[in-house]
Structures are given as C-alpha cells and as structure tokens.
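The residues making up each chain are set out below.
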There are 2 protein chains.
Amino acid sequence: MNNNVKIAKALSDPIRYKIMLMLAQSEAGCCPIPGVEDQRPGLCNCELMTELGLIQSRVSYHMKELVEAGLVTEEPRGKWKMYFINTKSLRQFMEQLNQDFALR
Amino acid sequence: MNNNVKIAKALSDPIRYKIMLMLAQSEAGCCPIPGVEDQRPGLCNCELMTELGLIQSRVSYHMKELVEAGLVTEEPRGKWKMYFINTKSLRQFMEQLNQDFALR
DNA sequence: CCATCATATCAATTTTTTTTGATGGAAAGC
DNA sequence: GCTTTCCATCAAAAAAAATTGATATGATGG
C-alpha cells in the first residue's frame, strides 16, 4: 500500500490527529529525568492519558499506530516512553501530495 | 470533526487514493458530448469502473465519499456524471497541515 | 528480593467502514 | 411509448478498526 495512504490513515482518526497536535505543541518534555540535558519536547503516555481522558491501553494503541506510520518516534526514558513528532515524515507526505496531484 | 481529519479519512483508502491520482492525471474528459466546448479533464463512473475493475455501486460509494470530503466535484453531463479533482481543497489541507504542525 | 509504576499486549467486544447484489430513477435513443 | 444505459441508494454481509478489561513485561525504588 502506498505510503501516503498509510500516513493518511494514521491521521484520519480524531484522537490521533489531536495527539499529533499535542506533540507539535509540546513545549518541554514531560517526565524529565533530573540531570539529563536532552529534554526534547515530547510527551509520554501518562501525560496523553490525563490530557485526553483516555485509558492507558487506548493511548498505547493509538501511539503504536502513529509510530508504525512513521509519524512519531519513540524513545524510552527511564520507565517512561517519550514520543516525538516526526516532522520529516509529514514533509515527505506533503511533498508526495504535491507531486501526485500536481499542486505546484 | 476537524476538516483535516475528514480529508485524511477520504485519502486513507487505497481505491480512493488511486481515483484521486486518476483524476489528477486525466487528460481529457471521457464521455464527451459532441459540440460542447467545455470538456475539462475529468472522469465518469463508467471509466473508473473499467479502469479499476470494480462494480458500479462500489465506485459510486467511493466517489460519494470523495465528494462529501470536498476532494472531488461532480457535474452531470448528459446521462453521465463527471468528476473533477478539487485541488483547492487539497491545497487547504496542506496549508492546514503546515500550520498545525509548524512545518515552515 | 519485593512492591510499585509505566507501558505493552492480548482476546473479546463494539463500532465503523467497505463490499455486494438488488432495486429504482433519470436521461437518451429508438 | 419502450428499451437501454448510467448512476444512486438500499439492506445485508463481510471486513477492518477501535475500545475495553485483563494480564504481562520491564524499569525503579525501597
């Protein structure tokens, strides 16, 4: 299946789209480990759960979908799992849309 | 529901994505009416059926999805129904992605 | 080691989407 | 008028996706 279809499918769920927005807007990493410098903006499951009001397995499911589509990268941080938006894949998605549909 | 989610959902089916590609690449309108000047590039159900090898109701269903998402416009032409890609909606989709995810 | 916390995964269920075959309507040609 | 062609829509079935609750894994801190 065409990769753009995969990306579109990942973005086609309201919860996942909202999660992407949250990742894009996250200012500082949640669950910071004291002393660790690299605190890229990102979110962990725990934060997503509380913000979205969803149970853990549901968040986990959607994050897996986003990661498998390549829209999100993940990184264990201590006992937490941090998620980061992968803007590169979004750019590629748009680039492909431009090509496919001769938008420029 | 967010309009980008609607667009993404419409694009998230392989058949619909392929139809969009076909519409984008259509050179001349099929089912031309003799004497009518305005023959914008577009396709009708009949052509989509044969090209895709799908039954009529299935094509009809997917075209309805695309039209309702705003990705495609339709126009009766004689007993045929012509479909045209709506690049404007695609542009808006991408513009919104840019904004939402701070891609530029 | 043990208890706890954060997350992953699984099976069962629910919901949504897609597909199909049938029927009906509208336009075109005879 | 009648027939044919093209398309829309419907109900039922099939397929796919999402949700839930339970259980498992893995790191942390005592």
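Just above, that's the structure.
Just so it is clear, the model here is predicted, and its values are computed rather than measured.

**Section: the protein's contact with DNA strand D**
Then, in step 1: Around DNA strand D lies a shell of 21 residues, among which A:Arg58, A:Tyr61, A:His62, B:Ser60 and B:Lys81 are the nearest.
Then, in step 2: A share of 67% of the atoms of DNA strand D within 4 Å of the protein falls on sugar and phosphate groups.
Then, in step 3: Between DNA strand D and the protein, one listed contact pairs a phosphate oxygen with a side-chain N or O atom of A:Arg16 at 2.9 Å.
Then, in step 4: Here a phosphate oxygen of DNA strand D sits 2.3 Å away from a polar atom, N or O, in the side chain of A:Tyr61.

**Here we look at the sheet that holds strand 3 (residues 80-85) of chain A**
All names here are of chain A.
Then, in step 1: Overall, antiparallel pairing links the three strands, which are arranged 1-3-2 in an open sheet. Two strands close off the open sheet at either side, each with one partner strand: strand 1 (43-44) and strand 2 (72-77).
Then, in step 2: Taken together, the two bridges between strand 1 and strand 3 define a ladder with antiparallel strand orientation. By the bridge assignment for strand 3, Leu-43 is matched with Tyr-83.

**Let's talk about the packing of helix 2 (residues 14-25) of chain B against helix 3 (residues 45-52) of chain B**
Residue and element names in this part refer to chain B.
Then, in step 1: Contact geometry of helix 2 with helix 3 gives a least axis separation of 12 Å together with a crossing angle of 120 degrees. Judged by the angle between their axes, helix 2 and helix 3 are oblique. Relative to helix 3, helix 2 is oriented so that their crossing is right-handed. Along the contact surface, helix 2 presents Lys-18, Ile-19 and Met-22, while helix 3 presents Leu-48, Glu-51 and Leu-52.
Then, in step 2: A class-by-class count of the residues in the contact of helix 2 with helix 3 yields four nonpolar, no polar and two charged.

Parameters at a glance
Residues numbered from 1 in each chain as written. Chains lettered and ligands numbered in written order. Predicted model: local features only at pLDDT ≥ 70, side-chain atom pairs only at ≥ 80, totals over all residues. Heavy atoms only, no water. Near = heavy atom within 4 Å. Polar contact = N/O pair within 3.5 Å; in protein donor to acceptor, adjacent residues only side chain to side chain. Pairing = 2+ DSSP bridges. Helix = DSSP H or I, 4+ residues; strand = E, 2+ residues; numbered from the N terminus. Axes fitted to C-alpha atoms, helices over the stretch in contact; angles between N-to-C directions. Parallel < 35°, antiparallel > 145°, perpendicular 65-115°, else oblique. Left-handed = near helix turned anticlockwise from the far one by under 90°. Contact = heavy atoms within 4.5 Å. Nonpolar A, V, L, I, M, F, W, Y, C, P; charged D, E, K, R; others polar.

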